[in-house]
Amino acid sequence: QVQLVESGGGLVQPGGSLRLSCVASGNFFGINLMGWYRQRPGKQREFLATITNDGRTNYADSAKGQFTISRDNAKKTEFLQMKTLKTEDTAVYYCYAIAVLRPGGPTFQYWGQGTQVTVSS
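Now for a description of the structure that goes with this document. Please read these numbers as outputs of a predicted model, since none were measured by experiment.

1. So, the sheet that holds strand S3 (residues 18-26)
An order of S1-S3-S8-S7 is seen for the four strands of this open sheet, with the pairing classed as antiparallel. Bordering the open sheet on either side are strand S1 (2-7) and strand S7 (67-72), each of which pairs with just one other strand. When strand polarity is set aside, the average angle formed by the axes of neighbouring strands in this sheet is 20°. Of the pairings in the sheet, the one linking S1 to S3 comprises six bridges and is antiparallel in character. Note on S3: the bridge partner recorded for Leu4 is Ala24.

Have a look at this one:
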């Protein structure tokens, strides 16, 4: 199984920046893909970005230029650097991973509990 724990959320003023982290732990063989989603108040969860284990990234159009995803495979950690934050970026941000528990085995999808980001003056 894989446990994902996010950190780095909090209150930030409009125009500010935050860096979210997500650490994976547990008993697994590898993590093929990690990503970030968010859920704004009253909205459905939305895709932001993913990154493969060899560093290939994919972004939602809404995230391009404002959010940057990265990962440290050795530390089993991914990051989401967010800049020029706006009030509409207020949301719970979720870490996401697709992992393989054993060599040649199937993949499974995991989610973190989320970290709150509030953009307000």
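2. A word on the side chain of Thr115
The topology assignment puts Thr115 in strand S11 (residues 115-119). A distance of 3.3 Å separates a polar atom in the side chain of Thr115 from the backbone nitrogen of Gly9. The contact partners of Thr115, leaving out residues within four places of it in the chain, are Glu6, Ser7, Gly8, Gly9, Leu20, Ala91, Val92 and Tyr93.

3. Here's the deal with the environment of Val12
Looking at the secondary structure, you find Val12 in strand S2 (residues 10-12). Between the C-alpha atoms of Val12 and Tyr37, which are 25 residues apart in sequence, the distance is 19 Å. Contacts of Val12, omitting those with residues within four sequence positions, involve Ser17, Leu18, Leu85, Thr118, Val119 and Ser120.

4. Focus: the packing of aromatic side chains
If you walk through the whole model with that rule in mind, you get five aromatic pairs. Note on Tyr37 and Phe47: the rings are 5.5 Å apart at their centroids and 70° apart in plane angle, and the pair reads as edge-to-face. With a gap of ten residues between them, Tyr37 in strand S4 (residues 30-39) and Phe47 in strand S5 (residues 45-52) connect regions that are remote in the sequence. Measuring from centroid to centroid gives 4.9 Å for Tyr96 and Trp111, while their planes differ by 50°, and the two rings are tilted. Linking Tyr96 in strand S9 (residues 91-100) with Trp111 in strand S10 (residues 107-111), this pair joins segments that are 15 residues apart in sequence. A relative accessible area of 8% means that Tyr96 is categorised as buried. For Trp111, a relative accessible area of 30% puts it in the partly exposed group.

5. Considering unusual backbone geometry
Even without a glycine there, the phi angle at Lys76 is positive, about 55°. Tracing the backbone through its elements, the reader meets Lys76 in the loop between S7 and strand S8 (77-82). Residue class for Lys76 comes out partly exposed when judged on its relative accessible area of 40%. The phi torsion at Thr84 lies on the positive side, around 50°, for a residue other than glycine. The topology assignment puts Thr84 in the loop between S8 and S9.

Calculation notes
Residues numbered from 1 in each chain as written. Predicted model: local features only at pLDDT ≥ 70, side-chain atom pairs only at ≥ 80, totals over all residues. Heavy atoms only, no water. Pairing = 2+ DSSP bridges. Helix = DSSP H or I, 4+ residues; strand = E, 2+ residues; numbered from the N terminus. Axes fitted to C-alpha atoms, helices over the stretch in contact; angles between N-to-C directions. Polar contact = N/O pair within 3.5 Å; in protein donor to acceptor, adjacent residues only side chain to side chain. Contact = heavy atoms within 4.5 Å. Phe/Tyr/Trp six-rings, centres within 6.5 Å; stacked < 30°, edge-to-face > 60°. Buried < 20%, exposed > 50% of the residue type's maximum accessible area, 1.4 Å probe, protein only.

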